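Analysis of the macromolecular model
Letter by letter, the chains look like this.
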Amino acid sequence: MPKMKTNRSAAKRFSVTGSGKIRRNKGGKSHINVKKSSKRMRRLLETDFIEGSAAKKIKTYVPYL
């Protein structure tokens, strides 16, 4: 049985914390920023965590997560 290939796009988008949670960056901060408030832009800079069944699915895409 061959080794499972890593989904490279998922590997670039997600990282794992020391406790095993999956971290992702928030979207919506690359353009049309003039109308977004400073508070909203600051919130978009923070990372977010993926939980539950979505995290399990991502772990199948990236075996070493």
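Figured I'd write up the structure that's included with this text. Note on numbering: residues in each chain are counted from 1, in written sequence order. Reporting of local features is limited, given that this is a predicted model, to residues whose pLDDT is at least 70; pairs of side-chain atoms are given and counted only at 80 or more, and all residues count toward the totals for whole chains, interfaces and linings. To obtain the side-chain values, all non-hydrogen atoms of the structure were used and water was disregarded.

Some points on the overall build of the protein chain
- To qualify as a helix, a DSSP run of H or I must reach at least 4 residues; to qualify as a strand, a run of E must reach at least 2; elements of each kind are numbered from the N terminus. Helices and strands together make up the secondary structure of the protein chain, namely three helices and three strands.
- Tracing the protein chain from N to C terminus, the helices and strands come up as α-β-β-α-β-α.
- For a compact globule of 65 residues, the expected C-alpha radius of gyration is about 11 Å, and the protein chain comes in at 15 Å, more than 25% above that figure.
- Taken along the three principal axes of its C-alpha coordinates, the protein chain extends 55 × 25 × 20 Å.
- Accessible area is worked out with a 1.4 Å probe on protein chains only. A residue is then buried under 20% of its type maximum, exposed over 50%, and partly exposed in between. A total of 65 residues make up the protein chain; the buried ones form 18% of that total. Radius of gyration here uses only the C-alpha atoms, and the compact-globule reference equals 2.2 Å multiplied by the residue count raised to the power 0.38.

Observations regarding the environment of Lys35
- On the secondary structure map, Lys35 appears in the loop between β2 (22-25) and α2 (38-45).
- What makes Lys35 exposed here is its relative accessible area of 69%.
- Distance in space between the C-alpha atoms of Lys35 and Arg13 is 26 Å, their sequence separation being 22 residues.

Structural notes on the nonpolar core
- What makes a nonpolar core is a set of buried Ala, Val, Leu, Ile, Met, Phe, Trp, Tyr and Cys residues whose side-chain atoms join them at distances within 4.5 Å. If you look at the biggest cluster of nonpolar residues, it comprises nine residues: Ala10, Ala11, Phe14, Ile22, Ile50, Ala55, Ile58, Val62 and Leu65.
- Secondary structure elements with two or more residues in this core: α1 (8-13) and α3 (53-61).
- Should any heavy atoms of two residues lie within 4.5 Å, those residues are counted as being in contact. The contacts of Ala55, once residues within four sequence positions are left out, are Ile22 and Ile50.

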